[in-house]
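In case you want the letters, here they are:
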Amino acid sequence: MGIWRGPDGIEVEAVVLNDRPCLRVTRRVGERRVLLAYCLDVREVGEHVDLAELVAT
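Just so it is clear, the model here is predicted, and its values are computed rather than measured.

Asks: What exactly am I supposed to notice about the environment of arginine 5 here?
Replies: Relative to the helices and strands, arginine 5 resides in strand E1 (residues 3-5). For arginine 5, a relative accessible area of 40% corresponds to the partly exposed category. For arginine 5 and cysteine 22, which are 17 residues apart along the polypeptide, the C-alpha to C-alpha distance reads 16 Å. Apart from the residues lying within four places of it in its own chain, the contact partners of arginine 5 are Ile10, Glu11, Glu53, Leu54, Val55 and Thr57. For arginine 5, the side chain forms a polar contact with the side chain of glutamate 11, separated by 2.9 Å.

Asks: What should I look at first to understand the sheet that holds strand E3 (residues 20-29) in this one?
Replies: Here we have five strands laid out as an open sheet, ordered E4-E3-E2-E1-E5, and antiparallel in their pairing. In the strand order of this sheet, the two ends are held by strand E4 (32-39) and strand E5 (55-56), each with one partner. As paired elements, E3 and E4 share seven bridges and run antiparallel to each other. Looking at the pairing, arginine 27 lines up with valine 34 of E4.

Asks: Would you explain unusual backbone geometry in this entry?
Replies: In most cases, non-glycine residues show a negative phi, while peptide bonds are predominantly trans. Positive phi, normally seen in glycine, also occurs at asparagine 18, with a value near 55°. Within the secondary structure, asparagine 18 is located in the loop between strand E2 (10-17) and E3. On the accessibility criterion, asparagine 18 (69% relative accessible area) is exposed. Positive phi, normally seen in glycine, also occurs at aspartate 19, with a value near 65°. Structurally, aspartate 19 is set in the loop between E2 and E3.

How each quantity is defined
Each chain carries its own residue numbering, running from 1 in the direction its sequence is written. Only residues with pLDDT of at least 70 get local features here, since the model is predicted, and only at 80 or more are side-chain atom pairs given and counted; chain-wide, interface and lining totals rely on the full set of residues. Side-chain figures throughout are based on the complete set of non-hydrogen atoms in the structure, without hydrogens or water. In this text, helices come from DSSP runs of H or I with a minimum length of four residues, and strands from runs of E with a minimum of two, each type numbered from the N-terminal end. In this scheme, a residue with accessible area under 20% of its type's maximum is buried, one over 50% is exposed, and one in between is partly exposed, where area comes from a 1.4 Å probe on protein chains only. In this analysis, two residues are considered to be in contact whenever any of their non-hydrogen atoms come within 4.5 Å of each other. Here a polar contact is recorded for every N or O atom pair within 3.5 Å, except that within protein the pair must consist of a potential hydrogen donor and a potential acceptor, and residues adjacent in sequence are included only if both atoms are side-chain atoms. Each pair of strands is called paired provided DSSP finds at least two bridges between the two strands.

Coordinates in, geometry out; function isn't part of it.
Right under this line is the structure:
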């Protein structure tokens, strides 16, 4: 699947959850990664991060 990184430790990862594709949005806080949201589409991801700042890794 794909992974995109943004500023402030944001990471968006394409995952499968309960047999459904979704996008997991997390943020690194110190040594920990904190879940912000599971999103069903890119529009929802845009509510948590500026999509223009994401870079594929």
